[in-house]
Amino acid sequence: MCGIIGYIGQKNVTEVLLNGLRKLEYRGYDSAGVALLEDNGIEVVKCKGRLAILEEKLTGNCFGGRIGIGHTRWATHGEPNDSNSHPHLSNSEKIAVVHNGIIENYLQIKEFLVSKGYRFYSETDSEVVSNLIEYNYRGDLIAAVTETLNDIEGSYALGVVCTDCPQQFVAARKDSPLIVGLGKGENFIASDIPALLAYTREVYILEDREVVRVSSESVEIFNLLGERVEHEIFHVDWDVAAAEKGGFEHFMIKEISEEPHAMQQTLWPRLQGGEVVLENSEALLAAVADCHRINIVACGTAYHAGVVGKYLIEKLVRVPVEVDVASEFRYRDPLVEPGQLTIIISQSGETLDTLMAMREAKRKGSRTLAVVNVVGSSIAREADDVLYTWAGPEIAVASTKAYNTQLAALYLLTLAFARAKGLLDTASYLAYQEELRLLPDRVAEVLAQKDAIQKFAAAHFNAKSVFFIGRGLDYALALEASLKLKEIAYIHSEAYAGGELKHGTIALIEPGTLVVCPLTQEALFDKMLSNIREVKARGAVVLAITPAKYAAAVAQTADAVLTIPDMDSLFSSAAAVTPLQLFAYYVSLMRGNDVDKPRNLAKSVTVE
Ligand code: AGP
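Residues numbered from 1 in each chain as written. Predicted model: local features only at pLDDT ≥ 70, side-chain atom pairs only at ≥ 80, totals over all residues. Heavy atoms only, no water.

(A) Structural detail: the overall build of the protein chain. When you go through the protein chain residue by residue, the secondary structure sums to 19 helices and 27 strands. Taken over C-alpha atoms, the radius of gyration comes to 25 Å for the protein chain, in line with the 25 Å a tight globule of 608 residues would show. In terms of its C-alpha atoms, the protein chain occupies a principal-axis envelope of roughly 75 × 50 × 45 Å. The proportion of buried residues among the 608 residues of the protein chain is 63%. A sequence separation of at least 24 residues applies to 72% of the contacts in the protein chain between residues at least 6 apart. When the accessible surface of the protein chain is split by element, carbon and sulfur atoms take 50% of a total near 22,100 Å². Side-chain charges of the protein chain comprise 58 positive and 79 negative groups, with the mean position of each set lying 4 Å from the other. (Helix = DSSP H or I, 4+ residues; strand = E, 2+ residues; numbered from the N terminus. Rg over C-alpha atoms; globule rule 2.2 N^0.38 Å. Buried < 20%, exposed > 50% of the residue type's maximum accessible area, 1.4 Å probe, protein only. Contact = heavy atoms within 4.5 Å. Areas by Shrake-Rupley, 256 points an atom, 1.4 Å probe, with all protein chains shown as cover. Lys, Arg positive; Asp, Glu negative; His and termini not counted. Charge placed at Lys NZ, Arg CZ, Asp CG, Glu CD.)

Okay, here's the thing in structure tokens:
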């Protein structure tokens, strides 16, 4: 996934583009570049590496232009290097393009353009767009862009400038997010809201297959048939501080620290007068009452939340739940049919695998419910129903508070569904709601153990391989804890069902191997303790995370114990994950890694 930005107005365009790219760098940071429309043509400055390197190259250059586009890249086609960086110029150097997405038929287009005498200087798919626009250009930029969009297949968010029209630029989107920022005597485009918050709170959220002509005084949106399209202005009510570090060293530790508040925002407004009240949920609950199967589809951390959801929904709603990673779900001709509910979980609401999986479920007649954090995102807008997680902006690439709030949303849905099916008596319904109301404070209590977690991380930050084992909901939790360590500490780790270890993988346990065990499920406590003894017998070092009431018993076997407040074990994952997120954070720090922008990753993967 990449970040794109564009500006036309009276401000210093380089400054506006760099400010915006700083807020988009979490979307990809392999390279960065800008294209500035100057009197003597298009000035392209771009390079491999972080945005700071581009800023250095731009320092001292006095570009007077008032229109430009910028890009920060997560490499898909072609390694991170200067020539593969965006923007890409057309052969005549009249047109420059920035692109987020994948052009699936780029090789055929490239072949055609080469046959017409065009030359290419990069390995990217995006470079064909600039030359195809040039090939289609006969004096009307938006017409040339529209014709090009009808020729290409794949996903795109595009910004296009042309030397023939210094009073406007053109942009377009399909499957990759793009918004238009509305100013006074100036207008913007960007991949995401944080890039524009410093300048405007009024935006248009472009829909798929829309193309927009932007000047300093006007924004005209068209569909690919050339018909004008009207949009409602979306007012962004985020506070700017929410998208900043706010005094924390990293976004990740800030976002972990925000978990109690994020859980509160997600839970409390929906626990009203003894009822779980989900906005606009009448039709959803009516559908669930007759629902015979639920699918849960997501990627990465969101998928791990879905595994927790499976355990909960099957236990209380008594409906079979199939949970799958989106990239597998959409290609296995899934057994989806009308009468089913497909829950789509996504922090960004833009993950292309997840978006396409949702479309596949809809195509097969399933009702779709999105559990999403970013308001107005593609998945949120296309689903039949939406339940927002109110985690606030999550900037760190490694998801933390969003995961906790995804669990909170799944807890609410489980109770609402069970009640809708008449499976939850009032006493249990009220007791579970009380548990949810207390969750934010319980997560806050766990955060108070930061020092103990940091100390344990200091003893193990050089581990070669780490195992996370658990049973039931603790196994689901182990999946997420393992991903956190892999993606920010770059340590190989594996999550394993505690009862499965003895069927082979225990062969990998040797003296000193670190094994981390969430141990919160009452019914599985003794079995899990036996698994801890099994690995201890082979020399493992064991860190257990367990409710306070079990700490003494567990401490007799485990080498270290972190506790969570005593609570109903149905909901303990949302508290037990926090120490595991902190563990990964501190290990990553001690290994000198970039915690917020880990290598090879991007915050939301809008390519397949
Ligand atoms: C989470 O730490 C990862 N960065 C990644 O796995 C992420 O969860 C996944 O890409 C899904 O993103 P989404 O929730 O925005 O759809």
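Here the narrative resumes.
(B) Expanded view of empty space enclosed by the protein. Applying the stated criterion across every chain, the model contains two cavities of 30 Å³ or more. Taken together, the residues that form the lining of the largest cavity break down as two nonpolar, seven polar and two charged. A volume near 40 Å³ is recorded for the second largest cavity. Taken together, L278, E279, N280, S281, L284, L369, D385, V386, L387 and L413 form the lining of the second largest cavity. Of the residues contributing to the lining of the second largest cavity, the split by class is six nonpolar, two polar and two charged. (1 Å grid on protein atoms, 1.4 Å probe; cavity = no way out; pocket = protein on both sides within 12 Å on 5 of 7 lines; lining within 4 Å. Points joined across faces, edges and corners; volume = space filled by probe spheres on them. Nonpolar A, V, L, I, M, F, W, Y, C, P; charged D, E, K, R; others polar.)

(C) Spatial organisation of the pairing of strand β6 (residues 95-100). Counted residue by residue, β6 has six buried out of six residues, so it is predominantly covered. By the alternation rule, side chains of β6 split into I95, V97 and H99 and A96, V98 and N100, which are all buried. Alignment of strand β5 (residues 88-89) against β6, held across two bridges, turns out to be antiparallel. Counterpart to H88 in the pairing with β6 is V97. Bridge count between β6 and strand β7 (residues 156-162): six bridges; the pairing is antiparallel. (Pairing = 2+ DSSP bridges.)

(D) Local environment of the side chain of S126. Tracing the chain through its elements places S126 in the loop between α3 (106-115) and α4 (127-136). Of the residues examined, S126 reaches a relative accessible area of 3% and is grouped as buried.

(E) Here's a closer look at the sheet that holds strand β9 (residues 179-182). If you trace the eight strands from one edge of the open sheet to the other, you get β3-β2-β4-β1-β10-β9-β11-β15, paired in antiparallel fashion. Taken across any chain shown, the strands that pair with only one partner, and hence form the sheet edges, are β3 (41-48) and β15 (234-235). Bridge count between strand β11 (residues 202-205) and β15: two bridges; the pairing is antiparallel. The partner of V203 across the bridge, within β15, is F234. Helix-sheet contacts for helix α1 (residues 13-24) involve β1 (3-8), β2 (31-38), β4 (67-73) and β10 (187-190), and the interaxial angle to β1 is about 155°. (Axes fitted to C-alpha atoms, helices over the stretch in contact; angles between N-to-C directions.)

(F) Structural view of the pairing of strand β20 (residues 341-346). Most of β20 is tucked away: six of the six residues are buried. Where strand β18 (residues 294-298) meets β20, four bridges bridge the pair, whose relative direction is parallel. Looking across to β20, one finds that V297 is bridged to I344. Bridge count for β20 against strand β21 (residues 367-372) is six bridges, and the pairing is parallel. Residue pairing across strands places I344 opposite A370, the latter belonging to β21. Regarding the hand of the β-α-β motif, the stretch spanning β20, helix α11 (residues 352-363) and β21 is right-handed. (Right-handed = clockwise from strand over helix to strand, strands pointing away.)

(G) Region of interest: unusual backbone geometry. A cis amide bond links H86 to the next residue, P87, at an omega of 0°. Inspection of the secondary structure puts P87 in the loop between β4 and β5. The backbone of E93 sits at a positive phi, close to 65°, despite the residue not being glycine. Unlike most non-glycine residues, D333 shows phi in positive territory, near 45°. The topology assignment puts D333 in the loop between α10 (326-329) and β20.

(H) Molecular detail of the environment of K310. Within the element layout of this structure, K310 appears in helix α9 (residues 300-316). Its relative accessible area of 25% is what places K310 among the partly exposed residues. Here the alpha-carbon distance between K310 and A289, two residues 21 residues apart in the chain, equals 17 Å. Residues in contact with K310, not counting those within four places in the same chain, are I296, V321 and V323.

(I) How the structure looks around the site of the ligand. Around the ligand, the surrounding shell holds 14 residues, and the nearest of these are S346, Q347, S348, T351 and E487. At 3.0 Å from an oxygen atom of the ligand is found a main-chain nitrogen or oxygen belonging to T301. In the environment of the ligand, a nitrogen atom lies 2.9 Å from a nitrogen or oxygen atom belonging to the backbone of V397. For the ligand, whose free accessible area comes to 410 Å², the fraction covered by protein is 91%. The site holding the ligand turns out to be the second largest pocket. (Near = heavy atom within 4 Å. Polar contact = N/O pair within 3.5 Å; in protein donor to acceptor, adjacent residues only side chain to side chain. Sits in = over half its atoms within 2 Å of the grid points.)

(J) Quick peek at helix α2 (residues 51-58). For α2, the full list of buried residues reads L51, L54 and L58. On an axial view of α2, the arc spanned by its buried residues comes to 60°, and they lie on one face. One or two steps after α2, the chain reaches G60, where phi turns positive at roughly 90°. (Arc of directions from axis to C-beta.)

(K) Spatial organisation of the sheet that holds strand β8 (residues 169-174). A sheet is described by the order of its strands in space; here seven strands give the open sequence β5-β6-β7-β8-β12-β13-β14, paired in antiparallel fashion. Each edge of the sheet is formed by a strand with only one pairing partner; in this case those strands are β5 and β14 (228-229). Note: strand β12 (residues 210-214) against strand β13 (residues 219-223), five bridges, orientation antiparallel. For E210, the partnering residue across the bridge sits in β13 and is N223. The strands touched by α4 are β5, β6 and β7; relative to β6, the strand with the most contacts, the crossing angle is about 140°. Against the sheet, helix α5 (residues 141-151) contacts β7, β8, β12 and β13, and its axis sits at roughly 160° relative to β12.

Remember that the coordinates give geometry; whether it matters functionally is a separate question.
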